[in-house]
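# Reading the structure
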There are 2 protein chains.
Amino acid sequence: MNVLEKIVNSVNSFSKSERKVADVILANPQTTIHSSIAALAKMADVSEPTVNRFCRRLDTKGFPDFKLHLAQSLANGTPYVNRHVEEDDGPEAYTAKIFESTMAALDAARQNVDIPTINRAVDVLTQAKKISFFGLGASASVAHDAQNKFFRFNVPVVCFDDIVMQRMSAINSAEGDVVVCISHTGRTKNLCDIAAIARENDATVIGITAYDSPLAKECTLVLSLDVPEDTDMYMPMASRVAQLVLIDILATGFTLRRGTKFRENLKKVKDSLRGSRFDKKDFHS
Amino acid sequence: MNVLEKIVNSVNSFSKSERKVADVILANPQTTIHSSIAALAKMADVSEPTVNRFCRRLDTKGFPDFKLHLAQSLANGTPYVNRHVEEDDGPEAYTAKIFESTMAALDAARQNVDIPTINRAVDVLTQAKKISFFGLGASASVAHDAQNKFFRFNVPVVCFDDIVMQRMSAINSAEGDVVVCISHTGRTKNLCDIAAIARENDATVIGITAYDSPLAKECTLVLSLDVPEDTDMYMPMASRVAQLVLIDILATGFTLRRGTKFRENLKKVKDSLRGSRFDKKDFHS
DNA sequence: AATAAGATGTAATTAAATTACACAATAACT
DNA sequence: AGTTATTGTGTAATTTAATTACATCTTATT
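Residues numbered from 1 in each chain as written. Chains lettered and ligands numbered in written order. Predicted model: local features only at pLDDT ≥ 70, side-chain atom pairs only at ≥ 80, totals over all residues. Heavy atoms only, no water.

## Overview of the protein's contact with DNA strand D
Around DNA strand D, the surrounding shell holds 18 residues, and the nearest of these are S15 and S17 of chain A together with I37, N52 and R56 of chain B. The sugar-phosphate backbone supplies 75% of the atoms of DNA strand D found within 4 Å of the protein. Within the contact set of DNA strand D, a phosphate oxygen lies 3.1 Å away from a backbone nitrogen or oxygen of S47 of chain A. Within the backbone of F63 of chain B, one N or O atom sits 3.2 Å away from a phosphate oxygen of DNA strand D. Here the surface near DNA strand D takes four residues from helix α5 (residues 48-57) of chain B, the largest share from any one element. Residues that form the surface near DNA strand D fall into these classes: six nonpolar, seven polar and five charged. (Near = heavy atom within 4 Å. Polar contact = N/O pair within 3.5 Å; in protein donor to acceptor, adjacent residues only side chain to side chain. Helix = DSSP H or I, 4+ residues; strand = E, 2+ residues; numbered from the N terminus. Nonpolar A, V, L, I, M, F, W, Y, C, P; charged D, E, K, R; others polar.)

Quick look at the structure:
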């Protein structure tokens, strides 16, 4: 977590003097990173060790380390204030905010994602006889995208955004098959059923969903992306972008596991598209 | 300018020892910010003052100040040196790299996107009688996602990932209809045809594609996302994420233009999904 | 080959941060 | 209310880190 957020959050647990330090830092963070501990102590009207203790309380190694963290917090312009779209934002404002909040969400996802689980998921995928991607609603397009990616690997891959097809597919699954269920909330009943059915039929079920959700309970492997819910707009936005990036990661892990020769194959797939495209040389503006 | 970029740029003007320092820093920037000048000097196999001189050459006040700048450069995840996945990267490495390069791509897109054009696109969309989203291959899933979003707005919206359907739909379009064509390269022949047909039938054609591409020529309005091509993996990755964010932006612009009452409607759409989901209260792990 | 300019390292100095300890304030308990 | 823990805060000493000054070496130029 961002140091600045941390300061704001834990402002209650501070002592009187520590609070003075917090106030000064929040008031002029940019100045703080260029000050010595002595200068900051003077500004906050406390002693130097107090500042040091303050830093330690925020899980940093000391004052210099704290400055480093603070510098990073300031740099990544993350929404330590308000990055939510407001009623009267103009195009410039909402464009910037959406880009930034998406980036912040990706950053959060990066920090929370469990690497060993990714590795195991890649393991499972590379050994799969058949891969199925299932999603409903907003997650359907993520499933489509995954299909498009894995299709290039020349492995049997299917994708359904229709409950009936998903169900049929799940019932027909067998040992060695991998079913990837995508759902941000993990509370879509139909998809939970599908996951259960697939497992009953010995398929390995990977869930791209929230930990601690009904869907997660039905999965062999859960890839969770702790992206802050985007409640403002009543639409899934950042969460879905994070899911796509996760798909990219799995696909990349897949190709790496398969080795160099396999990647030459990918190039062939790409080259095969050439016939349907205007050549770069053909077109001149 | 970013310190890391600066190092890369001025690598020629460095002396032998300074270069050693630069190499070590570029190789492990994250380690550097947590090292003392002595540790870094040892890693680079040079003396401490050399490191100090190196820092000064980069217009920083000294080593600690340099570390601050470096920390900031790292925080904003810009693609300073090599964020490309390598043959022998482990899960941790490629996961981090993909997150970071995606974020960098979004950052680039944010800086290059043309706000007035976005505004005009929102204008056009809010006044549309019917909205169609067309994409092929990897862009098809972006089109699906767009449909999912705009569908909630209770406007007539269709999405086709099939050339024949797209063609039929384009031929049947009329004044007041908006066709959104999505293609990263803008060189997919079929989609260019579709755009041309739609225009001939008086539809407004918005292209989410590269400037200076055949597709762009056929469009009324071009929304370009100058995302650095992700050539490594022979798969569209970051470009597609940027397209999705652009869809989010258009959707957000749409809802803002429609006002508060309209957003209450969105909430209704979201609430309508409740029946198909496990309630949060129902489920306890 | 000689010399000057620049680069690099060693050792001394200075500055900064941390630790240890003592005192003060507050809270808890008799 | 008075006494005793407990926690908080500051002073001074210590340690650690960074910088400066100077000497030595390297390299390019005449």
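## As for the interface of chain A and chain B
The interface of chain A with chain B comprises 81 residues on the first partner and 81 residues on the second. Buried surface at the junction of chain A and chain B, both sides included, amounts to about 7,700 Å², of which 67% is carbon and sulfur. There are six salt bridges connecting chain A and chain B. For D145 of chain A, the salt bridge identified is with R240 of chain B, shortest N-O distance 2.5 Å. (Contact = heavy atoms within 4.5 Å. Buried area = accessible area lost by both parts, 1.4 Å probe. Salt bridge = Lys/Arg side-chain N within 4 Å of Asp/Glu carboxyl O.)

## Quick notes on the side chain of S224 of chain A
Relative to the helices and strands, S224 of chain A resides in the loop between β5 (221-223) and α13 (238-258). Among the polar contacts made by the side chain of S224 of chain A, one reaches the main-chain amide nitrogen of Y211 of chain A at a distance of 3.5 Å.

## Describing helix α11 (residues 189-200) of chain A
Residues and elements named next belong to chain A. With 12 residues, α11 ought to run about 16 Å at 1.5 Å a step, and its terminal C-alpha atoms sit 17 Å apart, in line with that. Those residues of α11 lying buried are L191, C192, I194, A195, A196, I197 and A198. Two residues or fewer after α11 comes D202, characterised by a positive phi angle close to 70°. (Expected span 1.5 Å × (residues − 1). Buried < 20%, exposed > 50% of the residue type's maximum accessible area, 1.4 Å probe, protein only.)

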